[in-house]
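Analysis of the macromolecular model
Take a look at the letters that make up each chain.
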Amino acid sequence: MAQTERTFMAAIGDEDSITGLLLAGIGHIDSHQKKNFLVVDAKTPLSAVEDAFQEFCKRKDIAIILINQHIAEEIRTLIDEHDQAFPTILEIPSKDHPYDPEKDSVLKRVRRLFGE
């Protein structure tokens, strides 16, 4: 599949973040009723987050995965193991959890590349 067919973004986040992203138009449900987003709350099991992340990574129609940084921390090993260009993983802040660049896996990789 060509990279030009990666037309969707996926999102894993808290209710406020996902609601905003859906209102911005990134939501998609395919013909098999598979969503490109997961709302995570206190009752969401870690296995559901891990499964959604792995599914989004395998899908050939997803170019970018947006994930709240505090949720990314819970599945840090999976994120750090992801070494493909697509889908690109971007960690974003949430209303209740500010962004911490020291925890961002992409920035850590960039710093290693530049010898910092």
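Reading the values: rules and limits
- Residues numbered from 1 in each chain as written.
- Predicted model: local features only at pLDDT ≥ 70, side-chain atom pairs only at ≥ 80, totals over all residues.
- Heavy atoms only, no water.
- Pairing = 2+ DSSP bridges.
- Helix = DSSP H or I, 4+ residues; strand = E, 2+ residues; numbered from the N terminus.
- Axes fitted to C-alpha atoms, helices over the stretch in contact; angles between N-to-C directions.
- Contact = heavy atoms within 4.5 Å.
- Core = buried A, V, L, I, M, F, W, Y, C linked by side-chain atoms within 4.5 Å.
- Buried < 20%, exposed > 50% of the residue type's maximum accessible area, 1.4 Å probe, protein only.
- Salt bridge = Lys/Arg side-chain N within 4 Å of Asp/Glu carboxyl O.

1. Structural notes on the sheet that holds strand E4 (residues 88–92)
Sheet architecture is open: four strands sit in the order E2-E1-E3-E4, paired in parallel fashion. The open sheet has two edge strands, strand E2 (37–39) and E4, and neither has a second partner. Neighbour-to-neighbour, the strand axes of the sheet open up by a mean angle of 20°, direction not taken into account. Relative to strand E3 (residues 62–68), strand E1 (residues 8–13) runs parallel, the two being bridged by five bridges. Bridge pairing in E3 places Ala 10 opposite Ile 65. The sheet strands contacting helix H2 (residues 46–58) are E1, E2, E3 and E4, and the helix crosses E1 at an angle near 170°.

2. Regarding the nonpolar core
One finds Ile 12, Phe 53, Ile 65 and Ile 67 to be the most contacted residues of the largest nonpolar core, which totals 18 residues. Those elements giving two or more residues to this core turn out to be E1, H2, E3, helix H3 (69–72) and helix H4 (76–81). Among the elements that line this core, the one with the most residues is H2, at five residues. In this structure, Phe 53 is in contact with Ile 12, Ile 65, Ile 75, Leu 78, Ile 79 and Ile 89, ignoring residues within four places of it in sequence. Formed by six residues, the second largest nonpolar core is a distinct cluster that contains Ala 11, Leu 21, Ile 26 and Leu 66.

3. Here's the deal with the pattern of salt bridges
One pass over the structure, following the stated rule, counts four salt bridges. One salt bridge connects Lys 95 with Asp 16, and the closest N-O pair in it is separated by 2.9 Å. Here the residue Lys 95 occupies a position in the loop between E4 and helix H5 (105–113), and Asp 16 occupies one in helix H1 (residues 15–24), the gap between them amounting to 79 residues. Its relative accessible area of 64% is what places Lys 95 among the exposed residues. We classify Asp 16 as partly exposed; its relative accessible area is 44%. Of the charged contacts in the structure, one is a salt bridge between Arg 59 and Asp 61, with a shortest N-O distance of 2.9 Å. An identical accessibility class is assigned to Arg 59 and Asp 61; each is buried.

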